[in-house]
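Each chain is listed here by its residues.
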Amino acid sequence: RVRDPKRTRRKILEASYREFYRHGFQGGSINRIVAAAGITKGALFHHFSGKNDLGYSVLDELMIPAIQNWWVEPLEKGDDPLGSLREILDRFLKKIEGEVAETGFLFNGSPICNFAVEMSPLDEGFRERLCSIYKIWSNSISSALKRGQEKSVVRPDITPSDEASFLVAIMEGSASIGKVDRNIHFLRSCI
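Note that this is a predicted model, so its numbers are computed, not measured.

**A short note on helix H5 (residues 81-97)**
Along its 17 residues, H5 runs 24 Å from first to last C-alpha, staying within 8% of the 24 Å computed at 1.5 Å per residue. By the burial criterion, the buried members of H5 are Pro81, Gly83, Ser84, Leu85, Ile88, Leu89, Phe92, Leu93 and Ile96. Measuring from the backbone nitrogen of leucine 82 back to the side-chain oxygen at the start of H5 gives 3.2 Å, which picks out aspartate 80 as the cap.

If you want it as structure tokens, here you go:
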């Protein structure tokens, strides 16, 4: 076997993400993560000092890049922020419609919201990271709306930061209700 520490770390993070997404952070099992990643506990603890470190790394190394990929980059590249938002939301709905029920968004909800609800009241490290993720997400929308106002494609009488906060809240709230209802029609109507 050839050792590849970066690949091993990535496998651990991806297995941890799936485990925490399906079972919650507190219900997540190190044994299931090790089995899913095809590694030993020693390898896991070589890369991470403990379960909290693993959870922090999932947020830092997987969730922030996901927000960057899904929201920040498309909004920075687009000339029309409203068109870009529509494209992001359409892409999101298409992704959800193609998911396997037990592993997907409608069954499990938003991974960010799940972490926020479960861990923010219990651990400052999680709370700070989640706050940062929500700020990155909201700021990307707010910046796009401001650019839209400068180009006269977004109404001048709105407050971009308020609208951005509202959109993030709609996405996360509809994910929570969709998780309970397991009905894409509700999520689609919110979007």
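**A word on the confidence of the model for the protein chain**
Averaged over all residues, the pLDDT of the protein chain is 89; the fraction at 70 or higher stands at 95%. Mean pLDDT values for the elements of the protein chain range from 70 in helix H6 (residues 105-108) up to 96 in helix H2 (residues 30-37).

**Focus: the pattern of salt bridges**
Opposite charge on two side chains lets them pair, provided their charged atoms get close. Evaluation of the coordinates by the stated rule reveals seven salt bridges. Note that arginine 129 and aspartate 60 form a salt bridge whose closest N and O atoms lie 3.1 Å from each other. Separated by 69 residues along the polypeptide, arginine 129 in helix H8 (residues 124-150) and aspartate 60 in helix H4 (residues 51-77) bring together distant segments of the chain. With relative accessibility at 32%, the residue aspartate 60 sits in the partly exposed group. The closest approach of N and O atoms between arginine 155 and aspartate 157, which form a salt bridge, is 2.9 Å.

Calculation notes
- Along each chain, residues carry numbers from 1 onward, in the same order as the chain's sequence is written.
- Reporting in this predicted model follows two pLDDT cut-offs: at least 70 for local features of residues, and 80 or more for side-chain atom pairs to be given and counted; totals over whole chains, interfaces and linings ignore these cut-offs and use all residues.
- Hydrogens and waters are ignored; side-chain quantities use all the structure's heavy atoms.
- Numbering of helices and strands starts at the N terminus; helices are DSSP runs of H or I of at least 4 residues and strands are runs of E of at least 2.
- The length a helix should cover is 1.5 Å for every residue beyond the first.
- The classification of residues rests on relative accessible area computed with a 1.4 Å probe and restricted to protein chains. Under 20% of the type maximum is buried, over 50% is exposed, and intermediate values are partly exposed.
- Polar contacts, as counted here, are pairs of nitrogen or oxygen atoms within 3.5 Å of one another; within protein the pair requires one atom able to donate a hydrogen and one able to accept it, and residues that are adjacent in sequence qualify only if both atoms are side-chain atoms.
- Each residue carries a pLDDT value, the predictor's own confidence for that position, ranging from 0 to 100.
- One side-chain nitrogen of Lys or Arg within 4 Å of one carboxyl oxygen of Asp or Glu is enough to make a salt bridge.

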